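Coordinate inspection notes
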Amino acid sequence: MDILIKSYNRPYYLDRCLFSINKHVIIGNGKIIVLDDGTPQIYLDRITEKYPNIIIKKSEFYEKKVQFTTKGKRPEKYSIPVNLWVDSAKRASENFILIEDDTWFIDIVNLGEVDAEITQNNVALTKLYWIGNSIINQNKKETSLKNIVLLKPKLLTTIPALYYFIFYKFDRFKIRKILRFFKINTNEKQLAYRTIYAVAGMIFNKNYFVKLWDNHQNNVDEGLQIYNAVKVFKEQKHTIKFARYHHEILRTGFMSAATNQHKESYVGNVDMFAFNKLMNESWLHNQLDVISSLPNDINAEEIIRILDSDKQKTILSKDWLSWVGSFKSYYLEMGCKID
């Protein structure tokens, strides 16, 4: 089973991710493929020096983006490398893991065993982590196997047109507000569809993954991807299955973000491109220890030390701490559990 890693300008997190794969994952004949969208070459060289068994594929936007990320600046235009993700999935093993650079494995997993169970049971998607949030694993029934737990999704509707009307784009005559008033459209009912869809942190059947991105227009529209998932679920007459691993074997980081896309949502005046430039350089010159804190997140004291020693005071540590607190609060409010 192949492992695809979405990567964007955070080699200090990617290092942890790859270290954890080498330590915990029995991969067999599978390949580890990094799908990079703008990490400067000097950092990629260090990554391949440490992990010579990986393959790195660059997006069509790589050259334009790297001109900015090298300087710690935001690209003038932020294009999503959906084509790279979909094309790589088409060339991957029949079932493949898709994760992001800021995730890491925390327990042993034998991909050969898991692959056999998934194939035998026609599983389209298997979650490897859910940050302790049971709401995104809503189901009518669970069937426990050796490695995975089969889930029978508990969804308000599996009719694509109704999903479109209730949860997606139809909002004429203030219908969405009315649906919320009568508790037909609620956050919990909407989150239930995460049982059949995810951006990453999952094992995907390649055909299912590709169908999720029908009509993507090179953009990430989660409502569209879930709408596509509902269509597949309906078309295949509910014969495909969904699952989670017995326990969470992935964790995700909360010390940074790849971009400033959600900057207005979090407290703290932190430019993530400038922040990641500082972290990348510190990591490159062995001044940032990202491994010893595993299986936990990067030690905050390490980052504070780097920020406080920066003569330019590019990012104030108090601002960064406020940002992290706000970032974590966003997930806590959704019902997630963060160590």
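First, a word on scope: everything that follows refers to the structure included in this document.

Reading the values: rules and limits
Residues numbered from 1 in each chain as written. Predicted model: local features only at pLDDT ≥ 70, side-chain atom pairs only at ≥ 80, totals over all residues. Heavy atoms only, no water. Helix = DSSP H or I, 4+ residues; strand = E, 2+ residues; numbered from the N terminus. Rg over C-alpha atoms; globule rule 2.2 N^0.38 Å. Buried < 20%, exposed > 50% of the residue type's maximum accessible area, 1.4 Å probe, protein only. Contact = heavy atoms within 4.5 Å. Areas by Shrake-Rupley, 256 points an atom, 1.4 Å probe, with all protein chains shown as cover. Pairing = 2+ DSSP bridges. Axes fitted to C-alpha atoms, helices over the stretch in contact; angles between N-to-C directions. Salt bridge = Lys/Arg side-chain N within 4 Å of Asp/Glu carboxyl O. Polar contact = N/O pair within 3.5 Å; in protein donor to acceptor, adjacent residues only side chain to side chain. Core = buried A, V, L, I, M, F, W, Y, C linked by side-chain atoms within 4.5 Å. Phe/Tyr/Trp six-rings, centres within 6.5 Å; stacked < 30°, edge-to-face > 60°.

Check the secondary structure of the protein and you find 13 helices and 13 strands. At 20 Å, the protein has a C-alpha radius of gyration in line with the 20 Å of a compact globule built from 339 residues. Counting across all 339 residues of the protein, residues that qualify as buried make up 54%. Expressed as a percentage of contacts within the protein between residues at least 6 apart in sequence, the contacts between residues at least 24 apart total 75%. Accessible area of the protein: about 16,100 Å², with a carbon and sulfur share of 51%.

This next bit is on the environment of Phe-273. With respect to the helices and strands, the residue Phe-273 is situated in helix α11 (residues 272–284). Counting along the chain gives 195 residues from Phe-273 to Tyr-78, while the straight-line C-alpha distance between them is 12 Å. Setting aside chain neighbours within four positions, we find Phe-273 in contact with Tyr-8, Gly-72, Lys-73, Arg-74, Pro-75, Ala-258, Thr-259 and Asn-260.

Our focus in this paragraph is the sheet that holds strand β5 (residues 95–100). If you trace the 9 strands from one edge of the open sheet to the other, you get β4-β3-β1-β5-β11-β8-β12-β10-β9, paired in mixed fashion. Strands with a single pairing partner mark the edges of an open sheet, and in this sheet they are β4 (55–58) and β9 (139–144). Put simply, the sheet's adjacent strands are angled 25° from each other on average, direction ignored. Of the strands in this sheet, β1 (2–7), β5, β8 (123–127), β10 (148–153), β11 (202–205) and β12 (241–245) touch helix α5 (residues 111–120), which is tilted by about 120° from β5.

What follows covers the pattern of salt bridges. For the coordinates displayed, the defined rule picks out 11 salt bridges. For Arg-10, the salt bridge goes to Asp-102, with nearest N and O atoms at 3.4 Å. Of the two residues, Arg-10 is situated in the loop between β1 and α1 (11–24) and Asp-102 in the loop between β5 and β6 (103–105); the sequence distance between them amounts to 92 residues. Considered together, Arg-10 and Asp-102 belong to a single accessibility category, that of buried residues. With its nearest N and O atoms 3.4 Å apart, the salt bridge here joins Lys-146 to Glu-113. In this pair, Lys-146 is assigned in the loop between β9 and β10 and Glu-113 in helix α5, connecting sequence segments 33 residues apart. Given the relative accessible area of 31%, Glu-113 is considered partly exposed.

Looking now at the side chain of Asp-310. If you trace the backbone, Asp-310 turns up in the loop between α12 (300–309) and α13 (317–333). A distance of 2.8 Å separates a polar atom in the side chain of Asp-310 from a polar atom in the side chain of Thr-314. Excluding residues that lie within four positions of it along the chain, Asp-310 makes contacts with Leu-278 and Ile-315.

Our next topic: the nonpolar core. Residues Ile-5, Ile-21, Phe-105 and Phe-275 are the most contacted members of the largest nonpolar core, which totals 60 residues. With 7 residues, α11 is the largest single contributor of residues to this core. Beyond its immediate sequence surroundings of up to four residues, Ile-21 is in contact with Ile-3, Ile-5, Ile-32, Ile-99 and Phe-105. Tyr-163, Ile-175, Tyr-197 and Phe-242 belong to the second largest nonpolar core, which has 42 residues in total.

A word on the environment of Ile-240. Tracing the backbone shows Ile-240 in the loop between α10 (222–235) and β12. Along the backbone, Ile-240 and Cys-336 are 96 residues apart, and their C-alpha atoms lie at a distance of 27 Å. Those residues in contact with Ile-240, other than ones at most four positions away along the chain, are Asn-122, Ala-124, Tyr-208, Val-232 and Phe-233.

The relative placement of two aromatic rings is captured by the distance of their centres and the angle of their planes. Counted under the stated rule, the structure contains 24 aromatic pairs. With a centroid separation of 6.2 Å and an interplanar angle of 25°, the aromatic rings of Tyr-168 and Tyr-227 are classed as stacked. Taken as a pair, Tyr-168 in the loop between α6 (160–167) and α7 (175–181) and Tyr-227 in helix α10 lie far apart in primary sequence, 59 residues in all. Ring geometry for Phe-233 and Phe-242: centres 5.6 Å apart, planes at 80°, overall edge-to-face.

Our next topic: unusual backbone geometry. Most peptide bonds are trans, and most residues other than glycine sit at a negative phi. Going from Leu-294 to Pro-295, the amide bond is cis rather than trans, its omega being 10°. Structurally, Pro-295 is set in the loop between α11 and α12. The phi dihedral of Asn-122 falls on the positive side, at around 55°, and the residue is not glycine. By secondary structure assignment, the location of Asn-122 is in the loop between α5 and β8. Taking the relative accessible area as the measure of exposure, Asn-122 reaches 39% and is therefore partly exposed. Backbone geometry at Lys-183 places phi at a positive 55°, although glycine is not the residue there.

Interpretation in functional terms is not warranted from these geometric data alone.
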